Amino acid sequence: MMDNEAGAFYRKLPKVELHAHLNGSVSVQTMEKLISRKPHLNIKHSMTAIGKGQRRTLDECFQVFKVIHQLVDTEEDILTVATDVIREFAADGVKYLELRSTPREEKNTGLTKKSYVETVIKAIQQCKNEGLDIDVRFLLAIDRRNGTEVAMETVELAEEFMLSSDGLVVGLDLSGDPTVGHGKDLLPVLQRAKNCGLKLSLHLSEVPSQLEESDLLLNLPPDRIGHGTFLHPEVGGSQSLVDKVLKNNIPLELCLTSNVKGKTVPSYSKHHFKYWYQLGHPSVICTDDKGVFCTDLSQEYQLAATTFSLSREAVWQLSQQAIDCIFGPEMPLVLQ
Ligand SMILES: CNc1ncnc2c1ncn2[C@@H]1O[C@H](COP(=O)(O)O)[C@@H](O)[C@H]1O
Ligand SMILES: [Zn+2]
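Residues numbered from 1 in each chain as written. Chains lettered and ligands numbered in written order. Predicted model: local features only at pLDDT ≥ 70, side-chain atom pairs only at ≥ 80, totals over all residues. Heavy atoms only, no water.

Draft legend 1. Region of the structure containing the nonpolar core. Ranked by size, the top nonpolar core spans 90 residues in total, and within it L97, L99, F138, L172 and L190 carry the most contacts. Setting aside residues no more than four positions away along its own chain, L172 makes contact with L139, L140, I142, T154, V155, A158, A193, L198, K199, L200 and S201. (Core = buried A, V, L, I, M, F, W, Y, C linked by side-chain atoms within 4.5 Å. Buried < 20%, exposed > 50% of the residue type's maximum accessible area, 1.4 Å probe, protein only. Contact = heavy atoms within 4.5 Å.)

What follows is the structure, given as C-alpha cells:
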C-alpha cells in the first residue's frame, strides 16, 4: 500500500483515532471469517468494501452497511469484529482509539442492544488483558434514520453504561444517512445526553444544504464534529456556521478517503482539510470506515501529508494535537 521508508514513518507515528464506526472498520481477513460462518447468505467480499480507484454515492455506501450488518448479528460476531478491529488499529500504531457503534437488536439471534454494548465492552477489556498498547473508549451511536424514540433509548443506554463501564463509554455519536430525518427532532435528546455528562460527536453537514440543521445542532454545542464537509461558504455553507465552530473551538474529525470514495468531495486536493488546517483550527485525521473504504490511519496521514505538502514535523504536530480532542479523561501515556 505504501512505499517502505515513508510507510514506516506513518505506521510508527503514534496516532489517535477518533472517528471509527465499528462495522465499517472490518478488515478483509475478518470479513472472510464472517462470510465462512454464514455461507448461506452468499455474500462476496466485493459487496462489503469499496476498492482502490472505486467510488460510490453515499447512498450506495449505506447499502454496504446493510450487507455487513447481516454478517454481524450475534454476540460472537461482535466480539470477533471488535477484538480484530482493535488489534488492527494497535498494529497500525494507534495508541488511543474511540470506537463508535450503533447498538442493534437482532430478534433471530437473541442479540439485544444491551448485550451488543456489553460485548463491545468485553472486547475492549479482552484487548486490554492481552496487553495491547492501545487505550480504547466507546461511543454509542444514534442512527438518525431510526427516529427520536430509538435515539432516546440509546441515550438511556449510554447513560447507564457511562456509570457502569469503568469509564469506557464516554459519549454519543450521531450518524446514519444524513439525508434522512432532521436534526431538530433530536435536539432535546442530545441536550439531555449532554446534561448528564456524555460527550457528543455529531456528523454535521456531511452533505450540502443542511445549513439550518447544522446551525441548530451547533447551538448545543457538540464536543466534536464529524466531517463538516459543507460548513464553509465556498461549498454552500456560511460564515456564521464557521464562526460558531471557531468560537466554540469544536474540533473536526476529517476522513479524506471516506469523503472522496463517498463522492462528497471531488478529489483529495479539494478536501476541506485544507480550509480548516489553514485556519489553525483543531482538525483530526480519521478513517471513518477503514474496512469499507480500504484504508488505515497511517495511510490517511500519508495522504494528507502528500496532498497538502506537510512536513514530517507538521504531521507529528497534527497527530500530537489530536490528543487535546479525545473524550477519555486523560491520556494515560504521552505520545512520543
Ligand atoms: C460514510 N459516512 C457515514 N456517514 C454517516 N454514518 C455513517 C457513515 N459511515 C458509517 N456510518 C454509520 O455507521 C454504521 C456502521 O457501523 P455500526 O453498525 O454503527 O458499527 C452505519 O450503518 C451508519 O449508521
Ligand atoms: Zn462517520
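Draft legend 2. Representation of the site of ligand 1 within the structure. By nearness alone, 18 residues border ligand 1, and H69, S101, T102, E206 and D289 come closest of all. At 2.7 Å from an oxygen atom of ligand 1 is found a side-chain nitrogen or oxygen belonging to H69. Between ligand 1 and D289, the relevant distance is 2.8 Å, taken from a nitrogen atom to a side-chain nitrogen or oxygen of the residue. A total of three residues in the shell around ligand 1 trace back to one element, the largest contributor, which is helix α3 (residues 58–71). (Near = heavy atom within 4 Å. Polar contact = N/O pair within 3.5 Å; in protein donor to acceptor, adjacent residues only side chain to side chain. Helix = DSSP H or I, 4+ residues; strand = E, 2+ residues; numbered from the N terminus.)

Draft legend 3. Quick peek at unusual backbone geometry. With an omega dihedral of -20°, the bond running from L220 to P221 counts as a cis peptide bond. Residue position: P221 is located in the loop between α8 (211–218) and β6 (224–227). Its identity is not glycine, yet N249 carries a phi of approximately 50°, on the positive side. Judged by its relative accessible area of 46%, N249 falls in the partly exposed class.

Draft legend 4. Structural view of the packing of aromatic side chains. In total, this model carries five aromatic pairs according to the counting rule given. With a centroid separation of 4.9 Å and an interplanar angle of 85°, the aromatic rings of F9 and Y10 are classed as edge-to-face. Taking the relative accessible area as the measure of exposure, F9 reaches 19% and is therefore buried. On the basis of an interplanar angle of 50° and a centroid distance of 5.9 Å, the ring pair of F62 and F65 is categorised as tilted. Remark: F65 and F62 occur in helix α3; sequence separation between them is three residues, near one turn of the helix. Look at F65 and you get buried, because its relative accessible area is 14%. Each member of the aromatic cluster is reached from another via a ring pair, and the members are F273, Y277 and F308. Over the aromatic face of F327 sits the side chain of R224, whose NZ or CZ is 3.7 Å from the ring centroid. (Phe/Tyr/Trp six-rings, centres within 6.5 Å; stacked < 30°, edge-to-face > 60°. Lys NZ or Arg CZ within 6 Å of the ring centre and 35° of its normal.)

Draft legend 5. Examining the environment of V72 more closely. If you trace the backbone, V72 turns up in the loop between α3 and α4 (75–91). Residue V72 is classed as buried on the basis of its relative accessible area of 1%. Between the C-alpha atom of V72 and that of N23, which follows or precedes it by 49 residues, the distance is 8.0 Å. Discounting chain neighbours no more than four positions away, the residues touching V72 are N23, L34, D77, I78, V81 and R104.

Draft legend 6. Inspection of the coordination of the zinc ion (ligand 2) at higher detail. Protein coordination of the zinc ion (ligand 2) is provided by H19 (NE2), H21 (NE2), H203 (NE2) and D288 (OD), with donor distances spanning 2.1 to 2.2 Å. Classification of the site at the zinc ion (ligand 2) rests on its four donor atoms, whose angles at the metal span 81 to 167°, yielding the label irregular. The sequence motif formed by the donor residues of the zinc ion (ligand 2) is H-x1-H-x181-H-x84-D. Pair noted here: H203 is in strand β5 (residues 199–204) and D288 is in the loop between β8 (283–285) and α12 (297–307), with a separation of 85 residues, a long-range link. (Donors = N, O, S within 2.8 Å, 3.2 Å for Na, K, Ca; no water. Tetrahedral: all angles 85-135°; square planar, octahedral: opposite > 155°, others 65-115°.)

Draft legend 7. Highlighting the UniProt feature "domain: Adenosine deaminase" (unreviewed entry) in the protein chain. UniProt tags residues 14–328 as "domain: Adenosine deaminase" (unreviewed entry). What you have in residues 14–328 is 44% helix and 15% strand, and the ends, taken at the C-alpha atoms, are 17 Å apart. (UniProt positions renumbered as here; feature names shortened; annotations may be inferred.)

Draft legend 8. Fine view of helix α7 (residues 183–195). For α7, built from 13 residues, the straight-helix expectation of 18 Å at 1.5 Å per residue is met to within 8% by its first-to-last C-alpha distance of 18 Å. At V189, α7 shows its maximal kink, close to 30°. Once α7 ends, the next one or two residues include G197, with phi positive near 100°. (Expected span 1.5 Å × (residues − 1). Bend = angle between axes of the 7 residues up to and from the residue.)

Draft legend 9. Layout of the side chain of E300. On the secondary structure map, E300 appears in helix α12. No salt bridge forms around the buried E300; measuring N to O, its nearest opposite-charge neighbour K261 is 8.0 Å away. Within polar-contact distance, the side chain of E300 engages the side chain of T295 at 2.6 Å. Setting aside residues no more than four positions away along its own chain, E300 makes contact with C255, L256, T257, I285, C286, T287 and T295. (Lys, Arg positive; Asp, Glu negative; His and termini not counted. Salt bridge = Lys/Arg side-chain N within 4 Å of Asp/Glu carboxyl O.)

Draft legend 10. Fine view of the pairing of strand β3 (residues 135–143). For β3, the tally of buried residues reaches nine of nine residues, placing the bulk of the element in the interior. Residue alternation in β3 divides its side chains into two sets, D135, R137, L139, A141 and D143 and V136, F138, L140 and I142, and both sets are buried. Pairing analysis gives six bridges linking strand β2 (residues 94–101) to β3, with the strands arranged parallel. Bridging across to β3, E98 finds its partner in R137. Regarding the hand of the β-α-β motif, the stretch spanning β2, helix α5 (residues 113–129) and β3 is right-handed. Sheet topology note: the β3/strand β4 (residues 169–175) ladder contains six bridges and is parallel. The residue of β4 that forms the bridge with A141 is D173. (Pairing = 2+ DSSP bridges. Right-handed = clockwise from strand over helix to strand, strands pointing away.)

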